[in-house]
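# What the coordinates show
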Amino acid sequence: MKKRRCPVILLVLLSFLQVTMRAQAKINGKITDKQSKQSLAFVSIIEKGTTNGTLTDIDGKFSLTLKTQDAQATLICSYLGYIRKEVEVSTSLNEEIKIQLQNEGVNLNEVVIKPGVNPALRIIRRVAANRDVNNPEKMHSFSYNSYNKMFVTADMNASEDSVKGYENTDTKSMGKFFAKQHLFLTESVSKRDYLIPGNNNEKVMASRVSGFKSAPFTLLATQMQSFSFYDDWVNVFDINYLNPISDIAISKYSYTIEDTLIENNNTDSVFIISFQPKKNKNFSGLKGVLYINTNTYAVQNVIAEPNAEDKQISIKIQQKYEFVEGKQWFPVQLNTDWIYKNLNVSDGGNSPSSNMKAVSRSYIREIQLNPVLSKRQFSEVAVSIDKNSDRQDESFWNQYRTDSLTKKDRETYRVVDSVGKKENFDKKAIAFEALLTGQIPIKFINVDINELMGYNDYEGYRLGLNGRTNHKVSDVFSIGGYFAYGFKDKAWKYGGSADVVLWKKKELKWDILYKNDVLETGGINFGEKFKGISNMEVLRNITVTMKDKYELMQTGFSFRTFKYFKVQPYVNHQTRISPVPYLTYKEGVAFEQDTFNINETGLKIKFLFKEKFMQTLRNKISLGSDFPVLYVNVVKGLKADFGSLKGNWDYTKAEIKMDYSYKVNTYGKENICIIAGKVFGDIPYTLQYNGFGNNLYKNFFGLAAEHCFETMYPNEFASKEFAALFFSHNFGKFLKPNKKFNPEIELVHNMGIGTNNNTGYLLNFPYKTMDKGFFESGLKLNCIIKSGFSGIGLGAFYRYGPNAFSEPVQNLVVKFTLGVSIL
């Protein structure tokens, strides 16, 4: 009997194995757009006749374990904006299947919301309520490694329509070129540690850039877009968009359930919800698709792009999340695609050009939830680059790459590296990095771009040359000098300086300085460095009409302490020749003088809470902060001699400046700047405060600036103590998106107060005091005319209150405004 049972048992086992093997058949595949051949992220794939399904990842790939025991199965592929497709597959197929979907041209803007209770809205409210639970940056700590890859190519699909109609042209040559290689390719590997609240330490372990031996920059997962989709605002290329799952956004967006999937062995549902700004709602919004998992109602996937079409750039972001360790949803893939519409690629012939396209991919791996981290591991440097990051071999890279380099990738490195070697890209990269800091490197000297040419009303056009030794001489010390000539005051200026780095980590430097130059009479200096016109405060320099001739000898230190403080103690001697003579009486005898010998010791402090930096191999670059920046000056004038250097003035100065910019929900951006100063002791006008007037051109068509009084004439006032408030609210683009005429509307209000109880007299200088206050308000239409990344607008300002003129027209000032914008 036992001998007869063995074949039966064996037959049953074989049958069971056969059934089991068929039941566990797994299908791997990739889904792409039929026309563009681009991968389609988060396509829904359902096994027909079941609830068994999955989604493609960001690269369009999927893996699905089938339930059917048959030799054939049918997959249903559906995707918003594409024609639904059914595909028959063999359950014994071991190769990756390729599926293409046809775009049906449906635009999100065409979605019609029907009246009644919107079930999508209930889901979104639950997602918003769970944001803190699902936000990884609300955890105590985490760490991960990321592999980042970006390439630049031509958007060939966008130019297909323009190619049609061309005859006898080489239109296919460019397509063949980009089929073989990219224009540019870069990779990086980094490790990030995070500790609540907001402590970051990301170290770039490897970096490779096509055409360069030493990578001039690095690519990180969080540079292109927000790390997670849970903050009130989603940041894309430093532009903030209102998050559709934030509490304040629910009344401003429309939501529609497009599909529902079953995942995780029928335990979780995934709602596919499209979103877009409601009609007649004007704000910086996104449109796209959310994949919401009912497990804690978390974002599983998201596809989004700016709602307003831009003529310069088109951006699309994608994010994929996984439920790590069964505890926390965490981003595992971040994609960013952008097309520069005003940057074209062509073959140099008669064929039509294509827009330049950049594609960024970030893969997050080796995620650790709540690792043991200490605050001592973190500093003000949030991002640093390992000195060996550009020397890692292929074995290191292959540990972190999700896939091997494609043939196109390898060809890109081969071709672009050879071009880079021939054209010496590394040398040019050093020059470019210097340019970003306002320097032109000429061998071992860096020339300051900002000192080559300037203009102000006192000097007229000022031409100069300012040079300083660079790293080719030494990384420890530098020596510099400059000279300049003003064509209106017909005078030469010159100076020199030297500094020594004593402690690099704390940025401790000792420096000496000499200047024979001119300085604004009654001005104030907080040690800020303004470069270019991105900071509009610098434009007021054009209207400066009164300056002292002065000679300065100074020495001091600068260093960083307590993370967020930058401190500069100094001592100096100055000789100033002022255009405003000063008259005093001593024992009934009048003393008139216009030359002032001053000995000072002082302290400059800058404080920016949570300011973060990126430490490159050569420079330390500020990444800014969301908090106000605070400047403090404390100065003591010494009535004492430094050897042969006379000091004739005894006074104390205390000055402060607070500058803060912030978003006001969807109502725009505000800036508040407060500047105040007080002098203890009698001083000449050169050391007082001139009021910061910017109305040089008598009411019409000057340039508006920031943090100054637009209707006040230069040197109209004199104060020994003062306080000023400068407030602006930028509503952004006031009209609906996609309008050709779409300026930014900005309201401005400035006011100040000051007194002057000096016992001395200012000769031949009829000044006023602000003891009753100074008030002005204005309206700006910024970027009326826009070209590239800049724009020109108009502003009107009106002066009122005790210091207003009797004729209303004298109180009105109209000016041009300049703006800088990415989008």
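Above: the structure in question.
What this report covers is the structure whose coordinates are included nearby. Residue indices begin from 1 for each chain and proceed along its sequence in written order. Only residues with pLDDT of 70 or above have their local features reported here, since the model is predicted, and side-chain atom pairs are shown and tallied only from 80 upward, although totals for entire chains, interfaces and linings are computed over all residues. Processing note: side-chain calculations cover all non-hydrogen atoms of the structure and skip hydrogens and water entirely.

## Things to note about the pattern of salt bridges
Salt bridges are defined as contacts in which a side-chain nitrogen from Lys or Arg sits within 4 Å of a carboxyl oxygen from Asp or Glu. On inspection of all chains with the given rule, the structure shows 40 salt bridges. Between Asp457 and Lys488 there is a salt bridge; the shortest N-O distance is 3.5 Å. You can see Asp457 sitting in the loop between strand 23 (453-456) and strand 24 (460-469) and its partner Lys488 sitting in the loop between strand 25 (477-486) and strand 26 (491-503), a full 31 residues away along the chain. Only protein chains enter the accessibility calculation, which uses a 1.4 Å probe; a residue is then buried when its area is under 20% of its type maximum, exposed when over 50%, and partly exposed in between. For Lys488, a relative accessible area of 46% gives the class partly exposed. Notably, a salt bridge pairs Glu459 with Lys547, separated by 3.3 Å at the nearest N-O pair. With Glu459 in the loop between strand 23 and strand 24 and Lys547 in strand 28 (residues 547-561), this pair connects stretches of sequence that are 88 residues apart. Each of the two residues, Glu459 as well as Lys547, counts as buried. Salt bridges sharing partners connect three or more residues here, namely Glu380, Glu507, Arg560, Lys606, Glu611 and Lys620. The way it works is that DSSP assigns letters per residue, a run of H or I at least four long becomes a helix, a run of E at least two long becomes a strand, and they are numbered from the N terminus.

## Notes on helix 2 (residues 119-129)
Within helix 2, burial applies to Ala120, Ile123, Ile124, Val127 and Ala128. End-on, the buried residues of helix 2 take up no more than an arc of 140 degrees, which puts them together on one face. The N-capping residue of helix 2, defined by a side-chain oxygen 3.0 Å from the backbone nitrogen of Ala120, is Asn118. Note that the arc is computed from the directions linking the helix axis to the C-beta atoms. Counting of polar contacts relies on pairs of N or O atoms within 3.5 Å, with two restrictions inside protein: one atom must be capable of donating a hydrogen and the other of accepting it, and residues adjacent in sequence are counted only when both atoms are side-chain atoms.

## Considerations on a positive patch on the surface
Patch criteria: residues need more than 30% relative accessible area and no salt bridge. Like-charged residues are merged within 9 Å; nonpolar side chains of Val, Leu, Ile, Met, Phe, Trp and Tyr are merged within 5 Å. Accessible surface area values rest on a Shrake-Rupley calculation with a 1.4 Å probe, where residue burial reflects the displayed protein chains alone. We score Asp and Glu as negative and Lys and Arg as positive, and we do not count His or the chain ends. By convention, the point assigned to a charge is CZ for Arg, NZ for Lys, CD for Glu and CG for Asp. Together, Lys176, Lys180, Lys407 and Arg410 line one region of the surface with positive charge. Assignment of secondary structure puts Arg410 in helix 8 (residues 407-423). Exposure remark for Arg410: the relative accessible area of 48% places this residue in the partly exposed category.

## A few points about the sheet that holds strand 4 (residues 61-65)
Should DSSP find at least two bridges between two strands, the strands are taken to pair. Strand order in the open sheet formed by three strands is 4-1-7, and the pairing between neighbours is mixed. One side of each edge strand has no neighbouring strand; the edge strands of this open sheet are strand 4 and strand 7 (97-101). Sheet twist, expressed as the mean angle between neighbouring strand axes with direction ignored, is 35 degrees. Two elements, strand 1 (residues 26-33) and strand 7, share five bridges in a ladder whose sense is parallel. Axis angles are defined between N-to-C directions and span 0 to 180 degrees, where every axis is a line fitted to C-alpha atoms and, for a helix, only to the segment in contact.

## Side note on the sheet that holds strand 3 (residues 53-55)
Across the sheet, four strands lie side by side as 3-2-5-6; this open sheet has antiparallel pairing. Of all strands in the sheet, those bounded by a partner on one side alone are strand 3 and strand 6 (85-90). With direction set aside, neighbouring strand axes in the sheet form an average angle of 25 degrees. Here four bridges tie strand 2 (residues 44-47) to strand 5 (residues 72-78), and the two strands are oriented antiparallel to one another. Looking at strand 5, one finds that Ile45 is bridged to Cys77.

## Some points on unusual backbone geometry
Cis geometry is found at the peptide bond from Ile196 to Pro197, where omega equals 0 degrees. Following the sequence through the fold, Pro197 ends up in the loop between strand 9 (184-195) and strand 10 (199-209). Of note in this structure, Thr296 is not a glycine but carries a positive phi near 65 degrees. One can find Thr296 in the loop between strand 15 (286-293) and strand 16 (298-306). Using a relative accessible area of 28% as the deciding quantity, one classes Thr296 as partly exposed.

## Things to note about the pairing of strand 34 (residues 651-663)
Both strand 33 (residues 629-638) and strand 34 contribute to a ladder of nine bridges, which runs antiparallel. Along strand 34, the bridge assignment pairs Leu630 with Met658. Of the strand pairs in this sheet, strand 34 and strand 35 (residues 669-680) are connected by twelve bridges, and their pairing is antiparallel. Considered in strand 35, the bridge of Tyr662 is made with Glu670. Counted between consecutive antiparallel strands, the loop separating strand 34 from strand 35 contains five residues, among which Asn665 sits at a positive phi close to 45 degrees.

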